[in-house]
Amino acid sequence: MTQQWIDRFVTARRQYIEDQFQNLNSMQRQAVLSTDGPLLLLAGAGSGKTTVLINRIANLIRFGRASDSIDVPDTVSEDDVLFLEALTKDATEADQCRADYLCALEPPMPYNILAITFTNKAANELKERLCDMLGPEGQDVWAMTFHSACCRILRRDIERIGFTCSFTIYDASDSERVMKDIIKNMGLDDKTFPAKYVLSVISREKDKLVSADEMLEHIENSNEFRMLHIARAYQKYQKTLKENNALDFDDIIYYTVKLLQEHEDVRTYYQRKFRYVLVDEYQDTNYMQYMLTSLLAGGYENICVVGDDDQSIYRFRGATIENILNFEKHYRGSRVIRLEQNYRSTQSILNAANAVIANNLGRKGKHLWTANGEGKPVTVYEAADEGAESNFVAGEIISKSGGKRFCDYAVLYRTNAQSNALEFAFKRNGIPYRVIGGMRFFDRAEVKDMLSYLCVINNRNDDLRLRRIINNPPRGIGAKALETAERLAQAEGQGLYRVVSDPYSYGPLERSAGKFMAFTVMIEELAQLLDTDISLPDFYEEVMRRTGYMDMLEAKPTEENKTRLENIQELKSSINSYVQNAELPTLSGFLEEIALYTDLEQYHEGDDAVVMMTMHSAKGLEFPNVFLVGFEDGLFPGMRAIGDHEEMEEERRLCYVAITRAKENLYITHAGRRMLYGRTNAALPSRFLREIPEDLILKKGGYHKAGYISQIRPAYTPVKPVGAHYSAALSTPEKHTYLELNKGDMVMHTAFGRGLVLSVIKMGGDALLEIAFDQIGTKKLMAKTASAYLKRL
DNA sequence: CGCACCACAATTTTT
DNA sequence: TTGTGGTGCG
């Protein structure tokens, strides 16, 4: 064929493929059709990014890189070109088949595609929608979370780094237990070295891919004794976990990266396997996850990341917004596509969100718009206290809903503790509600106990779980006997189970040997049971009985124990559903699923109830009516964020996420005083409220008029009030209208009382004041905001 | 060994 | 105010 024919073919091919994605807008389609090389997809809230992801994968499987390429196979004839050009929208099935065949260019198999998400929920949604679109072969796409993908990789090759493939996964509380023991054993004070803090330092090191030894090396020549101890604790912690054949959440990714880095054959295997890598919620990835994805995509460099820098709200967990900001530096020749059309909210809601987020400096910049229409203004309600605030929310829901479709309403707050007041109001008003978050099913003691039995049966090296259950229910194995056994195990460099299962070989254990024996025989019998063809649920039933756990609960039928009994029964239904869904159900498979599972999905059970959750948990969700409560400085943005620029930007992103959850109606409420931690404090409206243009806001609520504010707010005298500027000045004081204070000044605050200025730090046109108040202690205040309430003494 | 009592701290938490 | 974890006693 001549070049002209080839060009015509490429054009016709592109046209045909484009026609297959008519349901998308042009930016979305561009994202779907850009198959080759690194691609950064900046997808604003509600811009249909999951749809894009699914269609992109569909395009890859169906047409390979055809939509993005000028390559034409030699087999294509002039006839074919004419056929494609003549093809109409209502082509016969046979013609479509021929067209598909002609257009496909090196299409990958489903298992050549890796699509990584953060949550199980997102992964499941992806899988489901893929299967809807592609049929059963959608199952073979690697659509899973970071952690489950890594587990899958590790189960295959982890033996190369000294674990066995039946490894256990430790959750945060397991890790804490281990660390507490280590701190104690090292003779360190658990006040100066709280396990949580030590673990967080370790977590950050792991994120940087720094091993315990490397950390110690770095620290050794400095004289940071604190870090030195932590580095040693890190070493011990990793050693303990290895002995227990256990990995924590960070290890799952850390070791996968190490495995890929250090074993060329493994790396090559996956780099050849994954022709296309897609990463969802890229703004939430940390360094380690960046390394992982970049290693996995290192073969073909076909990496597509989807994210929204404005929705990065997990910095505190190590997520680094830099990954998204630096994508174009990390991957040369990358393309960037912005999805800014929003299909979720009204323009008013988007305007509010745009206005708030515009105050952030470190961002790529996006401007959401919608064809949905203006919509109603944002309702802002000022309440006297959290009780009144809750009543307003309850009242509004009752009058608006008319008792129907409660599930169309969501209440979002900054901290879980805020749900209490709301729950009272909802109960009083008979509004059905559901609180998401807080205590999770698999965190309940009795559930963890039963799971611990299963863990020990699955992995006899799991000392941590063994210790949890060895005397639960009580078997007369006391702390003393256990301690002796542990010392023996330590001395021999063996696992606890080894010692305990052979107690007669150890003199010091003779008194409790019988009891140890009885316990280990029971475990062994259960383990043998597993080798028969017993079903997993039946097996679990046996575990509940033979361990005596059920008897223990039935023996004392208190209300509490009845609930516990129900909970361990409920675990059986989890096993049931696992068995039904898994291809090849195994105990270790179930345990892995549980370990990597959070019951966030509980929300989609579909009962008609108002949902309450934190703004963090609401990410990715949407509701027709959203209430954002507790918009007060000190609560949202939180105390810690005030005066810390980075933190403040993160809070603002959270605010942006919260606002963009609403489809039709958005309410924002704040209270003049709020009880927190048993203490009532005066509170000022959140600065984020002031960032929303007034013309988008409809103020509601009589509290303002009831005069509370005018009581605490002293007559504010704006500098030279002139005509129309007067009201503007009232709501937003201009630069330098604040009280100029110096270190050492005594001040009087209308709400906080008398105080001494400890420090003044200038920040732009504002200043951060640190004031020690006589009554309530030291507070950080922004001069601009506080000036209205402060006077010099 | 189990229970009661006290001290203490307490954003957010996809895995 | 709430929950949790550690300690000490019966």
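Located above this text is the structure these notes cover.
The rules behind the values
- Residues numbered from 1 in each chain as written.
- Chains lettered and ligands numbered in written order.
- Predicted model: local features only at pLDDT ≥ 70, side-chain atom pairs only at ≥ 80, totals over all residues.
- Heavy atoms only, no water.
- Phe/Tyr/Trp six-rings, centres within 6.5 Å; stacked < 30°, edge-to-face > 60°.
- Helix = DSSP H or I, 4+ residues; strand = E, 2+ residues; numbered from the N terminus.
- Buried < 20%, exposed > 50% of the residue type's maximum accessible area, 1.4 Å probe, protein only.
- Salt bridge = Lys/Arg side-chain N within 4 Å of Asp/Glu carboxyl O.
- Near = heavy atom within 4 Å.
- Polar contact = N/O pair within 3.5 Å; in protein donor to acceptor, adjacent residues only side chain to side chain.
- Nonpolar A, V, L, I, M, F, W, Y, C, P; charged D, E, K, R; others polar.
- Pairing = 2+ DSSP bridges.
- Axes fitted to C-alpha atoms, helices over the stretch in contact; angles between N-to-C directions.
- Patch = residues over 30% accessible without salt bridge, like charges linked within 9 Å, V, L, I, M, F, W, Y side chains within 5 Å.
- Areas by Shrake-Rupley, 256 points an atom, 1.4 Å probe, with all protein chains shown as cover.
- Lys, Arg positive; Asp, Glu negative; His and termini not counted.
- Charge placed at Lys NZ, Arg CZ, Asp CG, Glu CD.
- Disulfide = S-S within 2.5 Å.
- Parallel < 35°, antiparallel > 145°, perpendicular 65-115°, else oblique.
- Contact = heavy atoms within 4.5 Å.

Draft legend 1. Structural view of the packing of aromatic side chains. Scanning the model with the defined rule gives 21 aromatic pairs in all. Centre to centre, the rings of Tyr16 and Phe63 are 6.0 Å apart; their planes meet at 90 degrees, and the pair counts as edge-to-face. Separated by 47 residues along the polypeptide, Tyr16 in helix α1 (residues 3–19) and Phe63 in helix α3 (residues 49–63) bring together distant segments of the chain. Residue classification places Phe63 among the buried positions, given a relative accessible area of 0%.

Draft legend 2. Inspection of the pattern of salt bridges at higher detail. Counted under the stated rule, the structure contains 58 salt bridges. For the salt bridge of Arg674 with Glu389, the shortest nitrogen-to-oxygen distance reads 2.9 Å. A residue pair is termed long-range when its members are at least 10 positions apart, and Arg674 in strand β17 (residues 673–676) and Glu389 in helix α18 (residues 386–401) qualify at 285 residues. Of the residues examined, Arg674 reaches a relative accessible area of 8% and is grouped as buried. The structure contains a network of salt bridges with shared partners spanning Lys49, Asp280, Glu281, Asp284 and Lys619.

Draft legend 3. Structural detail: the protein's contact with DNA strand B. Inspection of the region around DNA strand B gives 29 residues, with Arg317, Arg414, Asn471, Thr598 and Tyr677 positioned closest. Those atoms of DNA strand B that come within 4 Å of the protein belong to sugar or phosphate at a rate of 49%. Within the side chain of Asp284, one N or O atom sits 3.3 Å away from a base oxygen of DNA strand B. Contacts to DNA strand B include Ile477, whose backbone N or O atom sits 3.0 Å from a phosphate oxygen. Taken together, the residues that form the surface near DNA strand B break down as 9 nonpolar, 12 polar and 8 charged.

Draft legend 4. Examining the sheet that holds strand β19 (residues 697–700) more closely. Here we have 7 strands laid out as an open sheet, ordered β13-β14-β12-β15-β16-β11-β19, and parallel in their pairing. Two strands in the sheet have a free side with no partner beyond their single neighbour: β13 (433–435) and β19. In this sheet, neighbouring strand axes are inclined to one another by 20 degrees on average, regardless of whether the strands run parallel or antiparallel. Pairing of strand β15 (residues 623–628) with strand β16 (residues 662–671), which is carried by 5 bridges, proceeds in the parallel orientation.

Draft legend 5. How the structure looks around a negative patch on the surface. Negative charge collects at one region of the surface, where Asp213, Glu214, Glu217 and Glu220 lie side by side. In this structure, Glu220 sits in helix α10 (residues 212–220).

Draft legend 6. Representation of the state of the cysteines. For the structure shown, the criterion picks out 0 disulfides. Cys151 supplies the cysteine sulfur nearest to Cys150, a cysteine that is in no disulfide, at a spacing of 7.4 Å.

Draft legend 7. Layout of the pairing of strand β1 (residues 39–43). The element β1 is largely enclosed, with a buried count of 5 among its 5 residues. Neither face of β1 is left uncovered, since the one carrying Leu39, Leu41 and Ala43 and the one carrying Leu40 and Leu42 both have all their residues buried.

Draft legend 8. Looking closely at the packing of helix α12 (residues 249–262) against helix α13 (residues 264–273). Running from N to C, α12 and α13 cross one another at 100 degrees; their axes reach a closest spacing of 5 Å. Taken together, the axes of α12 and α13 are roughly perpendicular relative to one another. Between α12, through Leu259, Leu260, Gln261 and Glu262, and α13, the contact on the second element is made entirely by Glu264, Val266, Arg267 and Tyr270. When grouped by side-chain class, the residues that make up the contact of α12 with α13 number 4 nonpolar, 1 polar and 3 charged.

Draft legend 9. How the structure looks around unusual backbone geometry. The amide bond that connects Asn472 to the next residue, Pro473, takes the cis arrangement and shows omega of 0 degrees. Although it is not a glycine, Asn245 adopts a positive phi angle of roughly 55 degrees. Summarising the element assignment, Asn245 is placed in the loop between α11 (225–243) and β5 (246–248). Asn245 sits in the buried class, given a relative accessible area of 4%. Not every positive phi belongs to a glycine, and Arg405 is a case in point at roughly 45 degrees. Mapped onto the fold, Arg405 is located in the loop between α18 and β12 (409–413).

Draft legend 10. View of the environment of Thr285. Looking at the element boundaries, Thr285 is found in the loop between β6 (276–279) and α14 (287–296). The exposure class of Thr285 is buried, given its relative accessible area of 0%. Along the chain, Thr285 and Ile321 lie 36 residues apart, while their C-alpha atoms are 7.9 Å from each other. For Thr285, the contacting residues outside a window of four places in its chain are Phe118, Phe146, Val279, Gly318, Ala319, Thr320 and Asn323. Within polar-contact distance, the side chain of Thr285 engages the backbone oxygen of Tyr282 at 2.6 Å. Side chain to side chain, Thr285 and Asn323 meet in a polar contact 3.0 Å long.

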